[in-house]
Amino acid sequence: MVKPDHFKEVLEEVKEMGFDPSKIYFVVAVKVIRGQSKSTWKRKVEAYKGWGWSEEEIRLAFLKSPCCMVVFEDKLMAKMDLFVNKMGNYSCLIPCRPLLLSYSLKKRLIPRYLVV
C-alpha cells in the first residue's frame, strides 16, 4: 500500500520534471519513480553522468522514455559500451533515442551491430 503523502510527493516530482498529467508517460514516470529508492535513482544518474551526460540530458531522456531509468546499471554500462566504444557513437547522441537502452543487448542490439 502506498502512503498518500508519498504518492502526492511523487506526483509533484513528476509534474516538476515536465510530464503532462494527461499523457500516458506521466503514469509510466510515476511508476518508475515509485518503483525505486532515492539511492537507486542517484546511482543510475551517476552511471549516466559517468558517460558524460548532463543533468539536462538525463532529464530529457527520462521525458522521452521513462523506462531508461529502469535499466540495471550493469546492463546500462554494457549497452553504453557497445554504442560508444564499439559502434563509435558519441555518448551525447543516446539521450535523443533513450528507447535504445530498453532493447535487449543479446537479442537485438548485438545482432544488428554484427550485420552492419
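For the structure, check the block above.
Keep in mind it's a predicted model, so treat the numbers as computed, not measured.

Things to note about the pattern of salt bridges
Side-chain pairs of opposite charge can arise whenever the charged atoms involved come near each other. By the definition in use, this model includes six salt bridges. Linking glutamate 13 and lysine 38 is a salt bridge whose minimum nitrogen-to-oxygen distance equals 3.3 Å. With a gap of 25 residues between them, glutamate 13 in helix H1 (residues 4–17) and lysine 38 in helix H3 (residues 38–50) connect regions that are remote in the sequence. Lysine 38 sits in the exposed class, given a relative accessible area of 56%. Notably, a salt bridge pairs arginine 43 with glutamate 73, separated by 2.9 Å at the nearest N-O pair. Of this pair, arginine 43 sits in helix H3 while glutamate 73 sits in helix H5 (residues 73–86), and the two are 30 residues apart along the sequence. Using a relative accessible area of 28% as the deciding quantity, one classes glutamate 73 as partly exposed.

Some remarks on the packing of H3 against H5
Between H3 and H5, whose axes approach to 10 Å, the crossing angle comes to 15°. By the criterion of interaxial angle, the relationship of H3 to H5 is roughly parallel. Handedness of the H3/H5 crossing: right-handed. Facing H3, whose interface residues are Arg43, Lys44, Ala47 and Tyr48, H5 presents Glu73, Leu76 and Met77. Considered class by class, the residues forming the contact of H3 with H5 number four nonpolar, no polar and three charged.

Let's talk about the side chain of lysine 44
By secondary structure assignment, the location of lysine 44 is in helix H3. Summary of buried charges: lysine 44 has no salt-bridge partner, and the nearest side chain of opposite charge, glutamate 73, is 6.3 Å away. Of the polar contacts made by the side chain of lysine 44, one reaches the backbone oxygen of valine 70; its length is 3.4 Å. Leave out the neighbours within four places in its chain, and lysine 44 touches Gln36, Met69, Val70, Val71 and Glu73.

Here's the deal with the nonpolar core
Core analysis: the largest hydrophobic core is formed by 29 residues, its most contacted members being Trp53, Phe62 and Leu101. Every element with two or more residues in this core is listed here: H1, helix H2 (24–34), H3, helix H4 (55–64) and H5. Among residues more than four places away in sequence, those in contact with phenylalanine 62 are Met17, Phe19, Ala29, Val32, Ile33, Trp41, Cys68 and Met69.

Observations regarding the environment of leucine 93
Structurally, leucine 93 can be placed in the loop between H5 and helix H6 (105–115). With a relative accessible area of 45%, leucine 93 lands in the partly exposed category. Distance from leucine 93 to leucine 109, taken between C-alpha atoms, is 16 Å for residues 16 residues apart in sequence.

How each quantity is defined
- Residues numbered from 1 in each chain as written.
- Predicted model: local features only at pLDDT ≥ 70, side-chain atom pairs only at ≥ 80, totals over all residues.
- Heavy atoms only, no water.
- Salt bridge = Lys/Arg side-chain N within 4 Å of Asp/Glu carboxyl O.
- Helix = DSSP H or I, 4+ residues; strand = E, 2+ residues; numbered from the N terminus.
- Buried < 20%, exposed > 50% of the residue type's maximum accessible area, 1.4 Å probe, protein only.
- Axes fitted to C-alpha atoms, helices over the stretch in contact; angles between N-to-C directions.
- Parallel < 35°, antiparallel > 145°, perpendicular 65-115°, else oblique.
- Left-handed = near helix turned anticlockwise from the far one by under 90°.
- Contact = heavy atoms within 4.5 Å.
- Nonpolar A, V, L, I, M, F, W, Y, C, P; charged D, E, K, R; others polar.
- Lys, Arg positive; Asp, Glu negative; His and termini not counted.
- Polar contact = N/O pair within 3.5 Å; in protein donor to acceptor, adjacent residues only side chain to side chain.
- Core = buried A, V, L, I, M, F, W, Y, C linked by side-chain atoms within 4.5 Å.

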